[in-house]
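What follows is each chain in one-letter form.
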Amino acid sequence: MLSSDSAAPVRDLERERAEFPVETLSVTPAGKSHKIVTFGIPSYNAAKDMDHCITSILEGSKFAPDVEIIIVDDGSKDETAQKAEEWVARYPGIIRAVHQVNGGHGIAVRAGLREACGTYYKVVDSDDWLDADALSTMLTILRGFEERDQRVDLFISNYVYEKVFEGTHNTVSYRMALPRKKIFTWDQIGRFRPDQNLLMHSLCYRTDVLRSHELPLPPHTFYVDNIYAYVPLPNCKTLYYADIDLYRYFIGREGQSVNEKTMISRLDQQYRITRIMMEAYHLYDDVEQDKLRSYMMGYFTMMMAICSVMTKLSDKPGIDEELKKLWADLKAYDEKMYRKARHSLIGWGTNLPTKAGETTTIGLYRLASKIFKFN
């Protein structure tokens, strides 16, 4: 059940509304039945894809009344708003809709969180979907927590890169990094490989955990999912990992945010997100658990490495100086974090000096991309 102080964090969300004002045009009222989980679906010009996403949740949950779906129409210019209302009309006890002026992915995530009634909150992008069997398993586990009055702050599951155009898929699991079939804490986790970061696709937070602290998701910015998968972690005291391939992440579409050309063109946004993550914590002062701190340092180091590699692939005038400033700002903010990131194997390999070093860095990136299949 929700903890006795779960109502207090609502004030934080009201403050966040003021910090990132986005006009909400309409919200479908919540029903009175208890919800175990809310699935927030940020949707911008999603009319072509959203039916598959929504259907996967409805069918996978067997249309359960304790499941809630919130479609957030983020100022779409296609038929997304109309389709959202059609879904609400068909399943009024399960599906709700938020219509707002366009604010970007992060603001849409926060809108779903603001309106969520579920004990847990999971984001599912409108062009992705959930596996039916895995979803059924997840719901059984979450219901069990409530029946036994067990508080679990973070539920983790696997996700699958679905390269639809290639007819291939690649599963990211945490079998060697996390305990299975038990509630655990951060001091019981193992080591994560570079391709095993906990991403938005693998996470389902308790709603009150997300509401209890500021979630700095800036408007009109891509890659905010990295903040979502990083900043709340120290506030999660208990965790559970289910070895199920739940989230199906559609990848490979031209213009997608993880497409290499797109990432280079949006490098300024990658920098912005990395700075927010940098300034979220002095990791060696603020994070008490050694293993969590080590994991978060590895994640942040990867973000700095991505900035370094994409800068080398970019031909934007002056971009090299921007990268130097990013590293200098990290050193000024927290010298220990700087040393850990810059002098790690990944930090070293993505910042080799001279033209020959730059060529080597790009070659290493291409090799890693083939091995880990991350874009």
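In this report, the structure presented in the accompanying data block is examined. (Residues numbered from 1 in each chain as written. Predicted model: local features only at pLDDT ≥ 70, side-chain atom pairs only at ≥ 80, totals over all residues. Heavy atoms only, no water.)

### Some thoughts on the pattern of salt bridges
Then, in step 1: Enumeration according to the criterion identifies 19 salt bridges in this entry.
Then, in step 2: Between D290 and R293 there is a salt bridge, with its nearest N and O atoms 3.1 Å apart. Taken together, the residues span about one helical turn, with D290 and R293 both in helix α11 (residues 290-313) at a distance of three residues.
Then, in step 3: Looking at D290, the relative accessible area reads 55%, which means it is exposed.
Then, in step 4: By relative accessible area, R293 is classed as buried at 14%.
Then, in step 5: One salt-bridge network, in which partners are shared between bridges, spans E68, R96, R114 and E115. (Salt bridge = Lys/Arg side-chain N within 4 Å of Asp/Glu carboxyl O. Helix = DSSP H or I, 4+ residues; strand = E, 2+ residues; numbered from the N terminus. Buried < 20%, exposed > 50% of the residue type's maximum accessible area, 1.4 Å probe, protein only.)

### Some details on unusual backbone geometry
As a rule of thumb, non-glycine residues mostly have phi less than zero, and peptide bonds are mostly trans rather than cis.
Then, in step 1: Despite not being glycine, N45 shows a phi value in the positive range, around 50°.
Then, in step 2: Relative to the assigned elements, N45 resides in the loop between β2 (37-43) and α2 (50-60).
Then, in step 3: Despite not being glycine, K62 shows a phi value in the positive range, around 55°.

### Observations concerning helix α4 (residues 105-115)
Then, in step 1: Among the 11 residues of α4, 10 are classified as buried, and the element is accordingly described as predominantly covered.
Then, in step 2: Residues of α4 that are buried: G106, I107, A108, V109, R110, A111, G112, L113, R114 and E115.

### Focus on the environment of L139
Then, in step 1: With respect to the helices, strands and loops of the structure, L139 is situated in helix α5 (residues 132-147).
Then, in step 2: Taking the C-alpha atoms as reference points, L139 and A64, separated by 75 residues in sequence, lie 9.6 Å from one another.
Then, in step 3: When sequence neighbours within four positions are dropped, the list of residues in contact with L139 reads I36, V37, S61 and V67. (Contact = heavy atoms within 4.5 Å.)

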